[in-house]
Amino acid sequence: VSGGGYLIESLRAGFDSVPGGQREAAVAVGLSKGDVYLHVVLPQAFRIVYPPVIGQLIQMILGSSVLSVIGLTELTGQAEHINDDTFISMPTFLITLVAYLILTNVLSLAAAIGGRVLFKPPIHFRQTTGQKYPWSRLIRVGR
């Protein structure tokens, strides 16, 4: 429930961050209300909301270890069951630790690659300006 609240608040903040003038301009051009949100508001809000949503997803995965306390079986719960049966604590929980590290790092890497693919500037920008990214002229490395 708490994670859902953070997620909804992130989405609300993303939609509110899109300037109202862009909505008004889209309506003035003749777009319907659905098209305004689909083609104008949603792409801009998604760029802003993407990092916090991925961070919240990773936090929810890591927070799932708390669920083993109330009886739900997940990675930590399974490690506790194996520990109760075999009394081999250290290797069991080290394997669980590695499983969480692999799970969260793979998710972070996939999110980073997905962000680069989803938010790559359009080809016409690169062809007309010769820049790889719109912000590359703003970054001066070594100067």
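Here, the structure is the one placed above.
Heads up: these notes are all about the structure in this document.

## What about the packing of aromatic side chains?
Right, so step 1: In the structure shown here, the tally under the stated rule is 3 aromatic pairs.
Right, so step 2: Residues Phe46 and Phe119 carry aromatic rings whose centres are separated by 5.7 Å and whose planes lie at 55 degrees to one another, so their mutual orientation is tilted. Of this pair, Phe46 sits in helix H3 (residues 33-63) while Phe119 sits in the loop between helix H5 (89-118) and helix H6 (123-129), and the two are 73 residues apart along the sequence.
Right, so step 3: A relative accessible area of 38% places Phe46 in the partly exposed class.
Right, so step 4: Owing to a relative accessible area of 16%, Phe119 belongs among the buried residues under this scheme.
Right, so step 5: Considering the side-chain rings of Tyr50 and Phe119, the 5.3 Å spacing of their centres and the 80 degrees angle between planes classify their relative orientation as edge-to-face. Residue Tyr50 is found in helix H3, and its partner Phe119 is found in the loop between H5 and H6; the two are separated by 69 residues along the sequence. Accessibility classification places Tyr50 together with Phe119 in one group, the buried group.
Right, so step 6: Three or more aromatic residues joined by ring pairs make a cluster, and in this case those are Phe46, Tyr50 and Phe119.

## Looking at the pattern of salt bridges
Right, so step 1: Under the definition given, this model contains 2 salt bridges.
Right, so step 2: In this structure, the salt-bridge partner of Glu9 is Arg12, at a minimum N-O distance of 2.5 Å. Of the two residues, Glu9 and Arg12 both sit in helix H1 (residues 2-17), 3 residues apart, roughly one turn of that helix.
Right, so step 3: Residue class for Glu9 comes out partly exposed when judged on its relative accessible area of 41%.

How each quantity is defined
- Residues numbered from 1 in each chain as written.
- Predicted model: local features only at pLDDT ≥ 70, side-chain atom pairs only at ≥ 80, totals over all residues.
- Heavy atoms only, no water.
- Phe/Tyr/Trp six-rings, centres within 6.5 Å; stacked < 30°, edge-to-face > 60°.
- Helix = DSSP H or I, 4+ residues; strand = E, 2+ residues; numbered from the N terminus.
- Buried < 20%, exposed > 50% of the residue type's maximum accessible area, 1.4 Å probe, protein only.
- Salt bridge = Lys/Arg side-chain N within 4 Å of Asp/Glu carboxyl O.

Interpretation in functional terms is not warranted from these geometric data alone.
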